[in-house]
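Overview (structure and organization)
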Number of protein chains: 2
Amino acid sequence: MMRELIEEVFVETFSDIQLEDAATLDIPAGKLAFSTDTFVVHPLFFPGGDIGHLAVCGTVNDVATAGASPLYLSVGFILEEGFPLEDLKTILTSMAQCAREAGVKIVTGDTKVVDRGAADGIFINTTGVGLIREGVQLSAENCRVGDKILLSGTLGDHGITIVSQREGIGFGTTLKTDAAPLNELVKAVLDAAPETRVFRDPTRGGLASALNEIADASKVSMLVIEDEVPFDQQVQGACEMLGYDVFQVANEGKMVAIVPADQAQVALDAMKGAPYGADAAIIGEVIEGPPGRVSLRNAFGATRIMDTLVGEQLPRIC
Amino acid sequence: MMRELIEEVFVETFSDIQLEDAATLDIPAGKLAFSTDTFVVHPLFFPGGDIGHLAVCGTVNDVATAGASPLYLSVGFILEEGFPLEDLKTILTSMAQCAREAGVKIVTGDTKVVDRGAADGIFINTTGVGLIREGVQLSAENCRVGDKILLSGTLGDHGITIVSQREGIGFGTTLKTDAAPLNELVKAVLDAAPETRVFRDPTRGGLASALNEIADASKVSMLVIEDEVPFDQQVQGACEMLGYDVFQVANEGKMVAIVPADQAQVALDAMKGAPYGADAAIIGEVIEGPPGRVSLRNAFGATRIMDTLVGEQLPRIC
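This text gives an overview of the structure that appears in the document. (Residues numbered from 1 in each chain as written. Chains lettered and ligands numbered in written order. Predicted model: local features only at pLDDT ≥ 70, side-chain atom pairs only at ≥ 80, totals over all residues. Heavy atoms only, no water.)

Focus on the overall build of chain A
The helix and strand tally for chain A stands at eight helices and 14 strands. Taking 2.2 N^0.38 as the reference for a compact globule, 318 residues should give roughly 20 Å; the C-alpha atoms of chain A span a radius of gyration of 20 Å, in line with that estimate. Taking the principal axes of the C-alpha coordinates as reference, chain A spans close to 65 × 50 × 30 Å. With 318 residues in all, chain A has 59% of them scored as buried. A sequence separation of at least 24 residues applies to 87% of the contacts in chain A between residues at least 6 apart. When the accessible area of chain A is evaluated, it comes to approximately 12100 Å², of which 48% is carbon and sulfur surface. (Helix = DSSP H or I, 4+ residues; strand = E, 2+ residues; numbered from the N terminus. Rg over C-alpha atoms; globule rule 2.2 N^0.38 Å. Buried < 20%, exposed > 50% of the residue type's maximum accessible area, 1.4 Å probe, protein only. Contact = heavy atoms within 4.5 Å. Areas by Shrake-Rupley, 256 points an atom, 1.4 Å probe, with all protein chains shown as cover.)

A short note on the environment of Ser295(A)
As for its placement among the helices and strands, Ser295(A) is situated in strand β13 (residues 294-297). By relative accessible area, which is 8% here, Ser295(A) ends up buried.

Description of the relation of the copies chain B and chain A
Each copy superposes on the other: chain B lies on chain A with an RMSD of 0.0 Å after a rotation of 180° and an axial shift of 0.0 Å. Both copies are brought into coincidence by an operation consistent with a two-fold rotation axis. Across chain B, the smallest distance between a C-alpha and the rotation axis is recorded for Ala29(B), namely 1.8 Å. An overlap of 100% is found between the interface residues of chain B and their copies at the interface of chain A, pointing to a shared contact surface. (Least-squares fit on C-alpha atoms with pLDDT ≥ 70 in both.)

Observations regarding the interface of chain B and chain A
Accessible area lost upon the coming together of the parts serves often as the stated size of an interface. At the interface, 59 residues of chain B touch 59 residues of chain A. Surface buried jointly by chain B and chain A totals about 4500 Å² across both partners, of which 54% is contributed by carbon and sulfur atoms. When the buried surface of chain B facing chain A is broken down by residue, Asp21(B), Phe34(B) and Lys112(B) rank first, second and third, together holding 17% of it. Taken together, the links from chain B to chain A amount to eight salt bridges. With a closest N to O distance of 3.2 Å, Asp115(B) and Arg316(A) form a salt bridge. Summed over the shared surface of chain B and chain A, the result is 23 residue pairs in polar contact (both at pLDDT 80 or more). Among the secondary structure elements, those contributing two or more residues to the side of chain B that touches chain A are α1 (2-13), β1 (23-27), β2 (30-39), α2 (51-65), β5 (68-80), β6 (105-114) and β7 (122-132) of chain B. Take the side of chain B that touches chain A: its biggest share by element is nine residues, from β2(B). (Buried area = accessible area lost by both parts, 1.4 Å probe. Salt bridge = Lys/Arg side-chain N within 4 Å of Asp/Glu carboxyl O. Polar contact = N/O pair within 3.5 Å; in protein donor to acceptor, adjacent residues only side chain to side chain.)

Brief notes about the packing of aromatic side chains
Taken as a whole and assessed by the stated rule, the structure comprises six aromatic pairs over all chains. Centroid distance Phe10(B) to Phe77(B): 5.5 Å. Interplanar angle 80°. Geometry classified as edge-to-face. With a gap of 67 residues between them, Phe10(B) in helix α1 and Phe77(B) in strand β5 connect regions that are remote in the sequence. Note on accessibility: Phe10(B) and Phe77(B) belong to one class, buried. Ring pairs connect the aromatic residues Phe10(A), Phe14(A) and Phe77(A), which therefore count as one cluster. Just above the ring of Phe39(B) sits the side chain of Lys112(A); from NZ or CZ to the centre is 5.6 Å. (Phe/Tyr/Trp six-rings, centres within 6.5 Å; stacked < 30°, edge-to-face > 60°. Lys NZ or Arg CZ within 6 Å of the ring centre and 35° of its normal.)

Topic: the side chain of Arg200(A)
Position of Arg200(A) relative to the elements: it lies in strand β9 (residues 198-200). With a relative accessible area of 7%, Arg200(A) lands in the buried category. Polar side-chain contacts of Arg200(A) include one of 3.3 Å to the side chain of Glu213(A). Beyond its immediate sequence surroundings of up to four residues, Arg200(A) is in contact with Thr65(A), Ala140(A), Ala210(A), Glu213(A), Ile214(A), Lys254(A), Met255(A), Val256(A), Glu20(B) and Asp21(B).

Quick word on the packing of α2(B) against helix α3 (residues 85-102) of chain B
All names here are of chain B. The N-to-C vectors of α2 and α3 enclose an angle of 30°; their axes lie 7 Å apart at closest approach. On the basis of the axis angle, α2 is roughly parallel to α3. Between α2 and α3 lies a crossing of right-handed hand. When α2 is examined against α3, the residues Ile51, Gly52, His53, Ala55, Val56, Cys57 and Val60 are found in contact with a partner set consisting of Ile91, Ser94, Met95, Cys98, Ala99 and Ala102. Its residues assigned to classes, the contact of α2 with α3 comprises 10 nonpolar, three polar and no charged. (Axes fitted to C-alpha atoms, helices over the stretch in contact; angles between N-to-C directions. Parallel < 35°, antiparallel > 145°, perpendicular 65-115°, else oblique. Left-handed = near helix turned anticlockwise from the far one by under 90°. Nonpolar A, V, L, I, M, F, W, Y, C, P; charged D, E, K, R; others polar.)

Topic: the pairing of strand β10 (residues 221-225) of chain B
Side-chain positions along a regular strand alternate between the two faces of the sheet. All names here are of chain B. Counted residue by residue, β10 has four buried out of five residues, so it is predominantly covered. Here β10 pairs with strand β12 (residues 281-287) via four bridges, running antiparallel. Following the sheet pairing, Leu223 is matched in β12 by Glu285. (Pairing = 2+ DSSP bridges.)

Comments concerning the packing of helix α5 (residues 183-192) of chain B against helix α8 (residues 264-273) of chain B
When two helices pack together, their arrangement is given by the angle between the helix axes and the distance between those axes. Residues and elements named next belong to chain B. Viewed as axis vectors pointing N to C, α5 and α8 meet at an angle of 150°, and their least axial separation amounts to 8 Å. If you check the angle between α5 and α8, you find them roughly antiparallel. In this structure, α5 crosses over α8, and the sense of that crossing is right-handed. Packed against α5, whose contacting residues are Leu185, Ala188, Val189 and Ala192, the element α8 presents Val266, Ala267, Ala270 and Met271 at the interface. Each residue belonging to the contact of α5 with α8 can be placed in one class, and the counts come to eight nonpolar, no polar and no charged.

Re the sheet that holds β2(B)
Within the open sheet, the five strands sit side by side as β1(A)-β2(B)-β7(B)-β5(B)-β6(B). Their pairing is mixed. Lying at the two open borders of the sheet, with one neighbouring strand each, are β1 (23-27) of chain A together with β6 of chain B. Each neighbouring strand pair of the sheet contributes to a mean axis angle of 20°, computed without reference to strand direction. As paired elements, β5(B) and β6(B) share nine bridges and run parallel to each other. Note on β6(B): the bridge partner recorded for Leu73(B) is Ile106(B). The strands that α2(B) touches are β2, β5 and β7 of chain B; relative to β7(B), the one it contacts most, it runs at about 30°.

Regarding the environment of Thr126(B)
Residue and element names in this part refer to chain B. Its location among the elements puts Thr126 in strand β7. Separated by 100 residues in the primary sequence, Thr126 and Glu226 have C-alpha atoms spaced 34 Å apart. Among the polar contacts made by the side chain of Thr126, one reaches the main-chain carbonyl oxygen of Ala55 at a distance of 2.8 Å. Among the polar contacts listed, one links the side chain of Thr126 to the side chain of Thr59, at a separation of 2.6 Å.

Digging into the sheet that holds strand β6 (residues 105-114) of chain A
As summarised here, the arrangement of the five strands in space is β6(A)-β5(A)-β7(A)-β2(A)-β1(B), forming an open sheet in which the pairing is mixed. Taken across any chain shown, the strands that pair with only one partner, and hence form the sheet edges, are β6 of chain A together with β1 of chain B. Mean inter-strand twist for the sheet, computed between neighbouring axes without regard to direction, equals 20°. When strand β2 (residues 30-39) of chain A meets strand β7 (residues 122-132) of chain A, the two strands line up antiparallel, connected through eight bridges. Paired with Ala33(A) across the strands is Gly130(A), a residue of β7(A). Sitting on the sheet, helix α3 (residues 85-102) of chain A is in contact with β5 (68-80), β6 and β7 of chain A, with an inclination near 10° to β7(A).

Everything listed here is a matter of coordinates, which is why it stays silent on function.
Shown next as C-alpha cells:
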C-alpha cells in the first residue's frame, strides 16, 4: 500500500515523470555530462532546506561544474518502512520546486521500501544528464601561473548548519544551509569568461580539498588571501567553538572558478550578477611554487598550508 | 580510511571511471533512454549472482526494454560502516564483469558511508543511458489483436532463488537466479522483427504484472497458454510449497516481447539464438475482449484470470 501511495505522490509531484521502465530523452549531438550522487544527510530537515532540495542541488551543481546545462534528472529513493507520508510529500515537493528553479526535468524514478531498521528514514540518489556547451574545455589540469581564484560566496554555511542542528547549538542563530542550484551562475561566468579553466563545487572537504585537487592536477601552487574570503560571522564563530577549519567544511551552494587574469574581473561581475553570487570574490591566485601546494595568507601576512581534509570530518553531511 | 580504500578499489575495478564530478560522454544526436534503479536485495550473495551483478543487469535491461543500446552507467553506493572490504571487492568485481559482458561503461560513481545500523550492509543505485535505435517506436499502447506474446525463458527463477535462501530451503536444489544482461537479446529481436510492439522485463510483479500493464495500455485482452510457458521444475515445486503464483514472481533475466503475428517466428528464432534466450517460447497472444484482461488457459482447457500482483510479494527481492 505504501508503494501505491508513493507512486501517486510521485506522479502528482513530478509532472515530467515518464512511467515506462526508461524515460526517453531528445538530445542534440554533442558531449553530455553525467553525474550521480546519493544523499544520506542527517537530519533530513534543517534550516534553509531538506534532503530533497539538497539532492537536486547537488547533482545539478555536479553537472554544471562540467560546463554543462543540466537537462534531466533521475531519482532513486530508499524508504524505511513506516516513513511518514507527510514528510515524503514535503521532500518531493521541495525536489520538484528546486528542479523547476534549475530548469531541469525529473523524468524517471525508482522507489524501494526496506524493513524497519534497515535504513534510516530516507536516502535519495539523483543522477543528472546535461549538455556541455560547445567549445568549452574545462579541466583541473588547465591552470596556469597568474590565473585568479574566484569563489561565489561565503564558506561553510551548509556544514555548520548541519552540525549545529545535531549538536543543538543552532538555536538562536540565523545559520542556514547555502544549498542552491548554481547552473545559472556557471552559465553566466562562461558567457563572460569563456576561457575559464575549471569549476569546482567545494562540497565534502570544502574549499581546501577543491583547491588542492586542482593544484595537484595542474602541478601549480595557489595562494589564498584570508581577508578576501567571504564568511558569515556566525559560521566563523561556530567553527572556532567546534574546532573546525572553515576551509574544510562542506558547502552545497558555492562555486569555485579558476579564470585567466585578464578575464577575472568580468567573471567576477558575472558571478555577482547571477543568482546566489552576490557575495562573490576573487580570493587568490595561481602562483609559482611546488606542484600541489595551497597556502593561506592571513591579515598579519603570515602564511600557512591549506591542507586537504583527511578522513571524514562530518559524516552524513549530504 | 574506508573512503580511501573504497576509492582505490573503485578505480582499480572500474577501468572506465572518470574521476571528475561529472563524466563526459560522447553521444550522437537522437533519442536516449535513461533509467534508474536502486538495489536493496537481501541476502547480498545468492546462487548465480550477487547485488552487484543484479544492479548492472537490472538497469541494462530497463534501458534495453526501451529499444536502446545501453552505453553508460553511473553507480551510487550506500555502505554501512564496517561492511567487509572483501565483500565489497567481490561485488565491484562482479559489476565490472557484468558491465563488460553487456558492453556498457561504468563512468561515474559516488559512495556514502553511513553509521552502523543506519543501512543494511550495502545498497546500490545504478542509472543508465542508452541510445535508442533509429526508427524504433516501442510503446505499451501499440498492441493489436493477433499479436503474439514471446517470453525469453523460464519464469520465477530469481524470486524463488532469493526466497529459498531466506527460508533456508535452497539447500539440495540447483536453483539459481536468472539475472542476466539482455541487451543483445533485445537487439537480436529488433533486427529480426523491427515492428516489435513493446518489450517488458518482468521483474517485480512478474509476468502477470507486465502483461496486465501492457493489456491496460493497449486496451486489449491477452491469453497465455500455460503449457507453452517454460518453467524449471524446482521453481514450480517451490512455488507450490510456498504458496506463490509463479506468474507473479520476479525475474531478472527474462524479456517479454509483443510482436505482430507475421514476425513472431523470426522473433522467436532470434531470441533462441541470442544469449540467455535458449528456452524462449511463444506463450500466448493478444485477443479480442475487455480492455486489460489477461487470462491463462491450463492443460485441461480451463481459463482463469492472471491478476496483477497487489502489494509486495517479496520485499527486497532486488
